[in-house]
Amino acid sequence: MKYGYFNDATREYVITNPKTPTKWINYVGNLKFGGFVDQTGGSLICKGDPALNRIVKYLPQLPSYEFNGETTYIRIKENGGYQSFSPYFVPTLDNYDLYECRVGLGYSKYVSEIHGIRTEITVFVPENEPRLIRDITVTNLKDTTVELDIIPVVEYTHFDALKQFTNADWVPQTMQSRMVEEEGLKVLTQYAFMKRDTSVNFFTSNYPVSSFETDRKIFLGDNEFGTWANPLSLQHEELSNYEANRGDNIAALMHHLGELAPGESKRIITQLGQANNIAEEKESIAKYRDEKNVDESFQALSSFWDNYLSKLQVETPDEQMNTLLNIHNPRQCYITKNWSRDLSLYQLGFGGRGIGFRDSSQDVLGVIPNLPEDARDLIEKLLHTQKRDGSAMHQFYASTMEANEGDSRESPDRPNYYGDDHLWIVQSVCAYVKETGNTDFLNMEIPFYEKDSSGKPLESGTVLEHIKRSVEFTRNDTGAHGLPLLGFADWNDTVNLPTGAESFFNAHLYGKALLELIELMTFMGDQAAVDQYETWYAEMKEVVNNVGWDGEWYIRYFDHDGEPLGSSKNEHGKIYVNGQSWAILSGFAPEDRAKIALESVNKLLNTKNGIKLSAPGFNGFDPNKGGITTYPPGAKENGGIFLHTNPWAMMAETIVGNGDRAFEYYSQVNPVYKNEKIDEYEIEPYVYPQNILGDEHPQFGLGRNSWLSGTSSWMYQAGTKYILGIMATYDGLVINPCIPKAWDGFKVTKYFRGATYEIEVHNKNNISKGVKSITVDGEKIEGNKAPIFNDGKVHTVIVVMEE
C-alpha cells in the first residue's frame, strides 16, 4: 500500500493516509527551540536541552491512534447539541473525505475535509523565535451556514523529561497553570513551581478566548471515563476556567467562531512557546498575533530553504536520485547537523546521546557545501571538547558544553575512550577549508577540554594544532601488532573488547586523516610536515597489509588475545563491510586486493535492501564481544543493514571505477524507491534510516531509527562527490564522475567560492569513469579541475568522458 507521494514542485512529501505503519515525523525549529511533529499533528517540543527543558508530553511508545502532545478540536453546533472532531485524524479517528499531511521543509501542513468543513493548518517555528505557530484556517464547504468553535489543546510535561516517568508524586505536585492578562494580552501560562521565575510556557492565540482549561482530568471527564477521542467537557458550552495547582497540566482554549456562511473562511493562529516571563514576551506575542507577520515569517522560512538548496542542484537520468539529492537528502543533512542524536522517536532526549563528537564530525560534512559558516560553528564546538592528548570526549550537551566519555563509563574492564572519535574532525576541518578557502580558520585558537579548579582551560591550540594532535594520539596508541588500539569501541559501538584489542577501522581512519593532512600541508607549503605524515602513512599501510589480509578480504579486529575478528577463521562475524570499504578509502589496499575485497562484499554481504554490516550474525550473548551479541541475527550491528556503512562501499566502488555497482548500491537504499513497498519498510520514505533488518531476520526489509543518522551525510557525499564526482579542493573544483555506463550524461549546478558552475557531463561512449576533456566558458583546460573564480558570475563547464 502507498501512503503518499513526492511533490517535487512544492518540495513536499504528501501523506494521504494518516494510518502509516509507524509514526512519520517532520522537524520544526532547532535545538534552541523546536522538535518534531508527526503525521497526525502530535508534537514533541523543547527549548534548549531536550532532557532538561521539555515542554510537551509526547510518548513515542504509545499506539499511533493515541493523543500525543497537541491536537485541535473543531466543534459544530447544530440542533441544540455539539459534534466534535479533530482535523488531524488523531484522536477522534473519523472517516475523512480528504486527509493530507504535507511534509515540507521546516513545516508540516495538514489539510482535511469532513462534515462539510475544510481545515488547513500550517505548523512551523519562526526563525530565532521561541514559539511554535499553528496557523489554522477553516472553511465552510456546505451550502448552508454553520456555527463553529475551535479548541486547540496542548498537554505539558515536566521540564525534566525523565522525572515525568520516575516520580509520579513529586512531578504532579510541582505543576502549575495560570491565565494572565496584561495590556489586553490573554495568555494561558504553565510552569513547574520552582521554575516560575525563569521558564514559563505559554499558549495563546490571535482570537478572543471565551474560556479555558488547564487540568486534563476535568477536560476529559475522567470520573465519567471521558477520553481524548471524546472529551466530555466539549459537550458543554464553555470550559471550566480552572487554574491547575497540580496534576496533569494541559492548555485548552475555547474560541467561538460564530457563524460561517457557505464558502466563508476564518483564521486562528496559536502560539506555544516559552519565555523567562510573560511581561518580557508580550511584544513578541502581539507580533505573532498579526497575520501579516506570520505570513512574512513563513516566507522567510521558504527563502532560507531556497538559498540552502540552491547551492547544489542535479539533473540525472534517475528521477528518484534527483528528488533525493535536490530536496530531501540535503534537508536531512541539515536536520541531523542541528539535532545530532539528541531528540527523535528513537533517541528520546532523556540525557542519553546528546551531541556526539564522532556523530557531528560526520554530520557537518553534509552541510558544508550548503551552509559552511554554520558548519564551522559546529566544528568549533566539537574542538572545544577535544582533550590535550588529542583524544576527544564522546558526547556533550549544547546547552552547557559539558562533555562525557559515553557508554565506556559503565564498563570498568574496558578503556574509557573511543578509539575513533578524535580522527573524524580532521576530515571536517579540511572539508570546510576546501569548500571556503578560509585558511585563517586554521589559525583560530580554541581551548582544549580540560580545565582547572576554577573552570579555566588548561591549554589552547590552533585548529591546525588540534587536528595534528588527533593523528598524534592514534600514532602513539597502538597495540601488539602495531595497529591502533580499539579503546572502548571504534565506529561500531557494539563491539566492546577488553583492553588491548586493536582496530583495523581505526587504522584506516588514521590513514585517511593522514592523507587529508598531507594534502593540506602540501597546499600550505610545509614540506617537513608532508614528509613526516607520509612516513607515518607508509608505516601503517605496511602493518595493515602485513597482518590484515585474510585472503579474500581484510580482517576487522584483533582481540586482547591477538585473535582475529572478521576473519574466515571465525564462525560468526567472518566479514565486516567497513574492513573492506575503509581499506580503500584510506588508500591502504593495493588495487588487486581492493577489487577482491569488494567482490567479497558483493558476494557475502549485499542484499536487495542494502549491504549488511557483517555476516554471519552471532546467535547468543557473548560478554567478551559486547553489545553486538545482544541483538538477534540480522538486527542492527549483528548482521543488519546498518545504512551508515553503505555509502562507504559506494565510494570505494567509485574509487576502483565500478560506477554500475556504486549506483546499484545507491539505488537499493534510496528511500524514495521504498515508497512502493512501505508495508515492508514501514518508516518515512523521505529520509534515510539508521538501519534495516537484514536477511537473517524474519522481518527482512523493515527500517527503523529514521532521520538522525550519519547515513544522510555520507549518502549525500557518495551521491554528489563520488558518483557525480563534484568535489571541492583547496585550489579548484574537481570533476571526476563514476556513473552507470547506461547514462549518457548529467547536469549539476554548484555554487563554489563565490561563483556558480553550470556543469554538463557528456558520456556518449557509455563508460563509467574517465574524463577526456573539460572546457570552462568555452576554453579547454588541462586536467579535470575547474579554477576558482570568486567573481559572482555563472560559468559553464562542459565535461566529456572517455577512457
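Residues numbered from 1 in each chain as written. Predicted model: local features only at pLDDT ≥ 70, side-chain atom pairs only at ≥ 80, totals over all residues. Heavy atoms only, no water.

**Q** Help me understand the overall build of the protein chain, please; the structure alone is not making it clear to me.
**A** Along the protein chain, the regular secondary structure elements total 18 helices and 42 strands. Compactness check: the protein chain gives a C-alpha radius of gyration of 28 Å against a globular reference of 28 Å for 803 residues, within 12% of the reference. Along the longest, intermediate and shortest principal axes, the C-alpha atoms of the protein chain span 85 × 60 × 50 Å. Here the protein chain, with 803 residues, has 62% of them falling under the buried criterion. (Helix = DSSP H or I, 4+ residues; strand = E, 2+ residues; numbered from the N terminus. Rg over C-alpha atoms; globule rule 2.2 N^0.38 Å. Buried < 20%, exposed > 50% of the residue type's maximum accessible area, 1.4 Å probe, protein only.)

**Q** What exactly am I supposed to notice about the nonpolar core here?
**A** One broad rule of soluble globular proteins: the nonpolar side chains tend to lie buried together. Tyr666 and Ile759 are the most contacted members of the largest nonpolar core, which has 204 residues in total. Broken down by element, this core gets its largest block of residues, 11 residues, from helix α11 (residues 504-524). The contacts of Ile759, once residues within four sequence positions are left out, are Ile726, Leu733, Ile735, Phe746, Lys747, Val748, Val797 and Val799. Val153, Leu239, Ile250 and Met254 belong to the second-largest nonpolar core, a separate cluster that totals 12 residues. (Core = buried A, V, L, I, M, F, W, Y, C linked by side-chain atoms within 4.5 Å. Contact = heavy atoms within 4.5 Å.)

**Q** For this particular structure, what's the right way to read the packing of aromatic side chains?
**A** Both the distance between ring centres and the angle between the ring planes are used here to describe each pair of aromatic rings. For the structure on display, the rule yields 50 aromatic pairs. Plain terms: the ring middles of Trp424 and Trp582 are 5.7 Å apart, the flat faces sit at 90 degrees to each other, and that makes the pair edge-to-face. One end of the pair, Trp424, is in helix α9 (residues 421-436); the other, Trp582, is in helix α13 (residues 577-585), and 158 residues separate them in sequence. For Trp582, a relative accessible area of 1% gives the class buried. (Phe/Tyr/Trp six-rings, centres within 6.5 Å; stacked < 30°, edge-to-face > 60°.)

**Q** Sorry, what's going on with the side chain of Ser503 here?
**A** With respect to the secondary-structure elements, Ser503 resides in strand β25 (residues 502-503). At 2.6 Å, the side chain of Ser503 and the side chain of Asp490 are in polar contact. For Ser503, the side chain forms a polar contact with the main-chain nitrogen of Asn506, separated by 2.9 Å. Apart from the residues within four sequence positions on either side, Ser503 is in contact with Pro484, Leu485, Leu486, Asp490, Arg556 and Tyr557. (Polar contact = N/O pair within 3.5 Å; in protein donor to acceptor, adjacent residues only side chain to side chain.)

**Q** Please explain the pairing of strand β10 (residues 117-124) as it appears in this structure.
**A** Every regular strand shows the same layout, with side chains that alternate between the two sheet faces. Burial within β10 is extensive, with 7 of its 8 residues counted as buried. Bridge count for strand β9 (residues 107-114) against β10 is 8 bridges, and the pairing is antiparallel. Of the residues in β10, the one forming a bridge with Tyr107 is Phe124. If you look at the hairpin formed by β9 and β10, you'll find 2 residues sitting between the two strands, and His115 has a positive phi there, around 55 degrees. In this sheet, strand β11 (residues 131-140) lies alongside β10 in antiparallel orientation, the contact comprising 8 bridges. Bridge pairing in β11 places Ile121 opposite Ile136. In textbook terms, the turn of a hairpin is the stretch between consecutive antiparallel strands, and for β10 and β11 this stretch comprises 6 residues, one of which, Asn128, has a positive phi near 60 degrees. (Pairing = 2+ DSSP bridges.)

**Q** Even after reading the chapter, I still don't get the packing of helix α8 (residues 372-383) against α9, so can you show me in this structure?
**A** To describe two helices that pack against each other, one gives the angle between their axes and the distance between the axes. Put simply, α8 and α9 touch, their axes get as near as 10 Å, and they point 150 degrees apart. The angle between the axes of α8 and α9 places the two elements in the roughly antiparallel class. Where α8 crosses over α9, the handedness of that crossing is left-handed. Along its contact with α8, which presents Pro372, Glu373, Arg376, Ile379, Leu382 and Leu383, the element α9 presents Ile425, Ser428, Val429, Tyr432 and Thr436. Its residues assigned to classes, the contact of α8 with α9 comprises 7 nonpolar, 2 polar and 2 charged. (Axes fitted to C-alpha atoms, helices over the stretch in contact; angles between N-to-C directions. Parallel < 35°, antiparallel > 145°, perpendicular 65-115°, else oblique. Left-handed = near helix turned anticlockwise from the far one by under 90°. Nonpolar A, V, L, I, M, F, W, Y, C, P; charged D, E, K, R; others polar.)

**Q** Is there a simple way to explain the pattern of salt bridges in this structure?
**A** One side chain can pair with another of opposite charge once the charged atoms of both are near each other. Scanning all chains against the criterion turns up 48 salt bridges. Where Glu291 meets Arg267, a salt bridge forms, and the shortest distance between an N and an O atom there is 3.4 Å. Within this pair, whereas Glu291 is found in helix α5 (residues 291-310), its partner Arg267 is found in strand β18 (residues 265-275), the two being separated by 24 residues in sequence. Put simply, Asp660 and Lys741 hold a salt bridge, and the shortest N to O gap is 3.4 Å. Placement of Asp660 in helix α16 (residues 659-668) and of Lys741 in the loop between β36 (732-735) and β37 (745-752) is noted, with a sequence separation of 81 residues between them. (Salt bridge = Lys/Arg side-chain N within 4 Å of Asp/Glu carboxyl O.)

**Q** What is the right way to look at the environment of Gly258 in this model?
**A** Here Gly258 lies in strand β17 (residues 249-260). Judged by relative accessible area, Gly258 falls into the partly exposed class, the value being 23%. A sequence separation of 522 residues divides Gly258 from Lys780, and the C-alpha atoms of the two residues are 71 Å apart. If near-sequence neighbours (up to four positions away) are discounted, Gly258 is found in contact with Val146, Glu147 and Leu148.

**Q** Teacher, can you tell me more about the sheet that holds strand β3 (residues 25-30) here?
**A** Remark on secondary structure: sheet strands pair via backbone hydrogen bonds, oriented parallel or antiparallel. Judged by pairing direction, the sheet is antiparallel, and its 3 strands sit side by side in the order β3-β4-β5 without closing on themselves. The open sheet is flanked by β3 and β5 (43-46), the only strands paired with a single partner. On average, adjacent strands in this sheet sit at an angle of 10 degrees to one another, irrespective of strand direction. Bridge count for strand β4 (residues 33-38) against β5 is 4 bridges, and the pairing is antiparallel. For Val37, the partnering residue across the bridge sits in β5 and is Ser43. Here helix α6 (residues 319-339) sits on the sheet in contact with β3, β4 and β5, set at roughly 55 degrees to β3.

**Q** Mind showing me how you'd approach the side chain of Thr119 here?
**A** Inspection of the secondary structure assignment puts Thr119 in strand β10. For Thr119, a relative accessible area of 0% puts it in the buried group. Contact partners of Thr119, with chain neighbours within four places excluded, come to Ile74, Pro87, Tyr110, Val111, Ser112, Ile136, Thr137 and Val138.

**Q** Please explain the pairing of strand β13 (residues 175-182) as it appears in this structure.
**A** Judged from the 8 bridges that link them, β13 and strand β14 (residues 185-192) form a sheet pairing that is antiparallel. Directly across from Met175, in β14, lies its bridge partner Ala192.

**Q** Whenever I open this one, the sheet that holds strand β32 (residues 641-642) confuses me. Can you help?
**A** Taking strand neighbours across the sheet as the criterion, the 3 strands line up as β32-β33-β34 in an open arrangement whose pairing is antiparallel. Looking at strand neighbours, the two that pair on one side only are β32 and β34 (703-706), the edges of this open sheet. Here 2 bridges tie β32 to strand β33 (residues 689-692), and the two strands are oriented antiparallel to one another. Bridge pairing in β33 links Phe642 to Asn691.

**Q** I would appreciate a short explanation of unusual backbone geometry in the present structure.
**A** Generally, phi is negative for residues other than glycine and the peptide bonds are trans, each holding for most cases. Following Val90, the chain continues to Pro91 via a peptide bond in cis, the omega torsion being 10 degrees. The residue Pro91 is located in the loop between β7 (81-85) and β8 (98-103) in this model. Residue Pro616 follows Ala615 across a cis peptide bond; omega there is -15 degrees. The backbone of His115 shows a phi angle near 55 degrees, a positive value even though the residue is not glycine. Relative to the helices and strands, His115 is located in the loop between β9 and β10. The class of His115 is partly exposed, set by a relative accessible area of 28%. At Asn241, a residue that is not glycine, the phi angle is positive and equals roughly 65 degrees.

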